[in-house]
Amino acid sequence: MTIPLRPFGRTGVKVSALALGTMMFGERGNRDHDDSIRIIHRALDAGINLVDTADVYSQGESEEIVGKALAGRRDEVFLATKFHGQIGTSPFHFGNSRRWIIRAVEDSLRRLRTDHIDLYQVHRPEEDTDFDETLGALSDLVHQGKIRYIGTSTFEPSAIVEGQWITERRSRERVVSEQPPYSILARGIEREVLPIAQKYGLAVIPWSPLAGGWLTGRFRAGGTQPETSRGGRQPGRFEIDAPENAAKLAAVEALALLAEQSGLSLIHLALGFVLEHPAITAPIIGPRTLEQLEGQLGAAEVRLSRDVLDEIDKIVPPGVTLSARDQGYHPPALEPDRRRRSAA
């Protein structure tokens, strides 16, 4: 098995066609540090060289595990982490402000046991922080050598373009990547995000290519409700009997049949689909166990025929996300108090 390398946008860096996500390492997933480290080492040995984490994953514990795993192997890895989410209870330990970014990067560097982060990503947009404020702080970190590149995650198309505009007109370091949600069940980014990424030469490293577990075969019509750590945090997104998930369940049944007819596992069909899009750099797989990792590694060699891709398009049309809960970001402008006229 060989995991091919792909260009990371226009940076000149080459990364593996699969990225290892580490959200499931730590308190919210696999609490065994030694086992989590074994999984990371197996991924590296298999040829994965892009490792993605975030400070908010298990409140820094995931970064600590990654830091221990990369001891003596740091140079083998293009290391990515993120900031934005609430850390602890302080109102200052959150968001996209210069004040927090300067503190957050030092904390991540310490936990990751490294002197630099290859890709430092804005985990979510923040409406009340000027994007130029954020990019200014991140540009300073690039100049200081503490980070190498800047990325975003789950940004709206307009915000992605705004980042490129700020770079051009205010001489900031350029955003080089976007990390959006993307799977057969959540294809909304095909409308604008992926074309914009291609226009500006951005790397795209999508999260949840298996739709949070829906495309692993565990969620089936007539089956019992799977017990998942994600389900405990986001029950509405993962309840198989919830009316809003009926379309997802029907699609999974059709996709499982298509995978069987194609001689593939549902997992390989799902990952192969994401890998086929020309705008995609490397989907992020997020195993909790070594068995889950092994079941996903071979997807890098999967090539789906035009006929199979056409059948997938019949099941979930291009540009369609079956559940709004899978979009990953709810724009503040859609909140009731922002879209109702005054009663006065």
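Look up: the structure comes first, before these words.
Residues numbered from 1 in each chain as written. Predicted model: local features only at pLDDT ≥ 70, side-chain atom pairs only at ≥ 80, totals over all residues. Heavy atoms only, no water.

**Overview of helix α11 (residues 290-297)**
Definition in use: Exposure classes here rest on a 1.4 Å probe applied to the protein chains alone. A residue is buried below 20% of its type maximum, exposed above 50%, and partly exposed in between. Helix and strand definitions follow DSSP, with helices as H or I runs of at least four residues and strands as E runs of at least two, each counted in order from the N terminus. This arc describes the spread of directions from the helix axis toward the C-beta atoms. Pairs of residues are marked as contacts when any of their non-hydrogen atoms sit within 4.5 Å.
Among the residues of α11, those classed as buried are Leu293, Gln296 and Leu297. Summarising the axial view, the buried residues of α11 lie within an arc of 100°, below the 170-degree limit, and thus occupy one face. Tucked into the core, α11 has its buried residues touching β3 (19-21), α1 (33-45), α10 (266-276) and β10 (284-285).

**Quick look at the packing of helix α4 (residues 131-144) against helix α5 (residues 157-170)**
Condition: Orientation is described by axes fitted as lines to C-alpha atoms, over the contacting stretch for helices, and by angles from 0 to 180 degrees between their N-to-C directions. Note on terminology: angles under 35 degrees are roughly parallel, angles over 145 are roughly antiparallel, angles of 65 to 115 are roughly perpendicular, and the others are oblique. Take the far helix as your reference; a near helix turned counterclockwise from it by less than a right angle gives a left-handed crossing, and one turned clockwise gives a right-handed crossing. Think of it as three bins: nonpolar holds Ala, Val, Leu, Ile, Met, Phe, Trp, Tyr, Cys and Pro, charged holds Asp, Glu, Lys and Arg, and polar takes everything else, Gly as well.
Across the interface, α4 lies against α5 with an axial gap of 10 Å and an inter-helix angle of 60°. Judged by the angle between their axes, α4 and α5 are oblique. Along this stretch, α4 crosses α5, giving a crossing that reads as right-handed. Every residue of α5 that contacts α4 at Phe131, Asp132 and Leu135 is listed here: Ala159, Glu162, Gly163, Ile166 and Arg170. Looking at the contact of α4 with α5 residue by residue, the class counts come to 4 nonpolar, 1 polar and 3 charged.

**Some words on the pattern of salt bridges**
Condition: Take a side-chain nitrogen of Lys or Arg and a carboxyl oxygen of Asp or Glu: if they are within 4 Å of each other, that pair is a salt bridge.
What the rule picks out here adds up to 22 salt bridges. Arginine 187 serves as the salt-bridge partner of glutamate 190, at 3.0 Å between the closest nitrogen and oxygen. Classification of glutamate 190 by relative accessible area gives buried; the value is 15%. Through salt bridges with shared partners, a single ionic network connects Asp45, Arg73 and Glu76.

**Quick word on unusual backbone geometry**
Backbone geometry places serine 171, a non-glycine residue, at a positive phi of 60°. Within the element layout of this structure, serine 171 appears in the loop between α5 and β8 (175-179).

**Quick notes on the nonpolar core**
Rules: What is meant by a nonpolar core is a set of buried Ala, Val, Leu, Ile, Met, Phe, Trp, Tyr and Cys residues, joined one to another through side-chain atoms within 4.5 Å.
Grouped together as the largest cluster of nonpolar side chains are 86 residues, with contacts concentrated most on Tyr120 and Leu138. Per-element accounting of this core gives the leading share, 8 residues, to α10. For tyrosine 120, the contacting residues outside a window of four places in its chain are Thr81, Lys82, Phe83, Ile101, Ala104, Val105, Leu138, Leu141, Ile147, Tyr149, Ile150 and Gly151. Core analysis: the next-biggest nonpolar cluster, separate from the first, contains 12 residues, Val15, Ala19, Leu50 and Ile205 among them.

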